[in-house]
Amino acid sequence: MSGHPVPIVVQTNDSLKFELDEDALKSILLNSAVGDKPVCVVAVAGAFRQGKSFLMNLLVKYCANKGSANWLGNPSQPLEGFVWRGGIDGETTGINIWSEPFVFTKPTGEKVAVILMDTQGTFDFKTSMQDSTFIFALTLLTSSVTVYNLMNNIREDDLMNLQTFCTFGTLAQNSINQNSCAFQKLLFLVRDWNFPRQYPYGHQGGKTVLKRILTVNEDQEPAHQDIREGLGKSFEELECYLMPHIGMRAIRDEDFDGQLNQLDEEFVEHMKLLVPRLLAPENLVEKLSAAQSGQPATGEELVRLFRTYMAVFRERRAVLPTTLVQIMVRVKSDETCKMAFELYKRTMDSKIESRGRSLEDSFLNSYHSESKRVAITAYNTANQYARNNASFATAAEVREILVMNIDEHFRTYVQKNDEMKLDEVGSRSRLYILGGLAVAGATALRAGVLTASGVSLGPVVATAVGVGSVALKAVPWAAKSIYARFLQRGR
Ligand SMILES: Nc1nc2c(ncn2[C@@H]2O[C@H](COP(=O)(O)OP(=O)(O)O)[C@@H](O)[C@H]2O)c(=O)[nH]1
Ligand SMILES: [Mg+2]
């Protein structure tokens, strides 16, 4: 068999950062066999040590033998190609592509270059979920068919992981191409399917299981309903295949090397059905162009896609979801909602303060609209999830709550403004009284000065001066204190 695996996304030992080996990628995708043909990228992703590379080698075999009836070849030949049966230690995270693109002719006569991609993530929640998310998201974005390799069953955890990958992938894709947000085909491949008596092995059983699992019903928790709705919207096509067990020799025998005759017969029979479902020319799914809607992508565009997505991921590494997406979106949204609400109040206060007195209702309303706009813009800017309502319903819901809180709080401003108007009327009356006293004092003073017997009128003069000056000081003080009370009530 010609060809070999080529690492194209690798983790550098010292920094543990991912690097794209662009030259290696170009050596495959800009190969003359690919030319400007549409490409079909079939990738496999999922937890490690669950037979992904083993499956990829069967796909390589199918392609190398051009899908002939006897594509599985000699039953006593060891299975070679992508490195498989690796030990528990030393698993590295990354992406390998088969060095040879395989050209198939579709029934329409169109030639398609098939690229096979093997990926590796450890899916260990504690240490490297970020890395696995990165690899899975990049796989979803760059392939036309992703095989999501699972063991025994499809669990809620598996769906949640998928949601994490999709969400992150959507985020990356939206910053590149606003118009298309769907991934292409996803095949849930359940290895060692546990319940063949209830749901038979194969495509049909898989279809029934997938339908049952993905159906949204009211008994499910809202978060579980969201996952199901989200997955349906994220992929153009969802399929499921239930595989029988590989056979005990693969587990037990030290010298197991993947020969066909060491595998369970039922497993081989199902591989003969599954692999053509992915690779027979009539079933090939062309990778769609991100730039030209409805057009297939070429090798050249795929190189650009890898380069761009790697750059986006590098930039957004800080927001890479490390745990369940919903929790993260909720935390971020609540936080930014709080910040935006405080901003609304500060903006209102400073606008009102600059006027220093009660306001016409029309002014107060326009201050409210402007401050509200400032707060919502701040929320949308600070919360990256608020920009994608389709994937992050929670962020949109929290924005609604923010709007409600702001509108409700505005009512206290209206109420206080009304009270302030009344206070101002009241204080005007008080000022009139103080003003009256001042005038009386001044008159008395004048009378005292004019009277010749200064001794007897001395206390009258002193009182008049005192009252007059207090009255004059009281004018700005009264206005200031009314305004301070207004602001205090507004908070
Ligand atoms: N139980 C089980 N083991 C499998 C299956 N396919 C392959 N294996 C075994 O799983 C081990 C890991 O295989 P590998 O392809 O390296 O897994 P990867 O880490 O997911 O790429 C090998 O020992 C294989 O023999 C399967 O369908 N079921
Ligand atoms: Mg592997």
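Cut-offs applied
- Residues numbered from 1 in each chain as written.
- Chains lettered and ligands numbered in written order.
- Predicted model: local features only at pLDDT ≥ 70, side-chain atom pairs only at ≥ 80, totals over all residues.
- Helix = DSSP H or I, 4+ residues; strand = E, 2+ residues; numbered from the N terminus.
- Buried ≥ 20, exposed ≤ 12 C-beta atoms within 10 Å, placed from the backbone.
- Contact = placed C-beta atoms within 7 Å.
- Pairing = 2+ DSSP bridges.
- Near = placed C-beta within 6 Å.
- Expected span 1.5 Å × (residues − 1).
- pLDDT = per-residue confidence, 0-100.
- Arc of directions from axis to C-beta.
- Core = buried A, V, L, I, M, F, W, Y, C linked by C-beta atoms within 7 Å.

Asker: Run through the overall build of the chain, naming residues and quoting values.
Answerer: Of regular secondary structure, the chain possesses 13 helices and 9 strands. In the chain, which comprises 491 residues, the share counted as buried stands at 34%. Partitioning the contacts of the chain with sequence separation of at least 6, the portion at a separation of at least 24 is 76%.

Asker: Residues and numbers for the pairing of strand β4 (residues 94–98), please.
Answerer: A large share of β4 lies buried, amounting to 4 of its 5 residues. Two strands pair when backbone bridges link them, and strand β1 (residues 5–11) and β4 are joined in this way by 4 bridges, in the antiparallel orientation. By the bridge assignment, proline 5 is partnered in β4 with tryptophan 98. As judged from the 4 bridges shared by β4 and strand β6 (residues 111–120), these two strands associate in the antiparallel manner. Looking at the pairing, isoleucine 97 lines up with methionine 117 of β6.

Asker: Let's hear about the site of ligand 1: which residues, and what values?
Answerer: Within the structure, ligand 1 sits among 16 residues, and Gly51, Lys52, Ser53, Phe54 and Trp84 are positioned closest to it. Ranked by residues supplied to the shell around ligand 1, first place goes to helix α2 (residues 52–64) with 3 residues.

Asker: Explain helix α8 (residues 265–279) to me, and be specific about the residues and the numbers.
Answerer: For an α-helix, 3.6 residues make a turn, and residues three or four places apart therefore share a direction. Relative to the 21 Å expected for 15 residues at 1.5 Å per residue, α8 spans 21 Å between its end C-alpha atoms, a close match to the ideal helical length. Of all the positions in α8, only Met271, Leu274, Leu278 and Leu279 are classed as buried. Buried positions along α8 lie against β3 (39–46), α2, β6, β7 (145–151) and β9 (235–242).

Asker: How would you sum up the confidence of the model for the chain? Please name residues and give values.
Answerer: Confidence in the prediction for the chain averages 81 pLDDT; 75% of positions are at 70 or higher. Between the elements of the chain, mean pLDDT differs from a low of 45, seen in helix α13 (residues 454–490), to a high of 97, seen in α8. Every residue in residues 175–181 is under pLDDT 50, and counting partners more than four places away or in other chains gives 12 contacts. In this model residues 318–324 is a low-confidence stretch, pLDDT under 50, and it forms 15 contacts with partners more than four residues away in sequence or in other chains.

Asker: I'd love a proper account of helix α5 (residues 203–214), names of residues and values included.
Answerer: Taking 1.5 Å of rise per residue, the 12 residues of α5 would be expected to cover 16 Å, and the 16 Å separating its terminal C-alpha atoms lies within 8% of that figure. By the burial criterion, the buried members of α5 are Gly206, Val209 and Leu210. Each buried residue of α5 lies within a common arc of 100 degrees when the element is viewed along its axis, so the set occupies one face. Within α5, the exposed residues directed more than 90 degrees away from the buried face are Lys211 and Arg212. As for α5, its buried residues are in contact with β8 (183–191) and β9.

Asker: Account for the environment of arginine 357, naming residues and giving values.
Answerer: Following the sequence through the fold, arginine 357 ends up in the loop between α10 (325–355) and α11 (361–382). Looking at arginine 357, the number of C-beta atoms within 10 Å reads 13, which means it is partly exposed. C-alpha separation for the pair arginine 357 and methionine 420, spaced 63 residues apart in sequence, amounts to 7.9 Å.

Asker: Please set out the nonpolar core residue by residue, giving values where relevant.
Answerer: Core analysis: the biggest nonpolar cluster contains 76 residues, and Val42, Leu59, Val114, Leu116 and Phe188 have the highest contact counts within it. Beyond its immediate sequence surroundings of up to four residues, leucine 116 is in contact with Val42, Met56, Leu59, Val60, Cys63, Ile97 and Trp98. The next biggest cluster of nonpolar side chains, apart from the first, holds 18 residues, and it includes Val329, Ile352, Tyr385 and Phe392.

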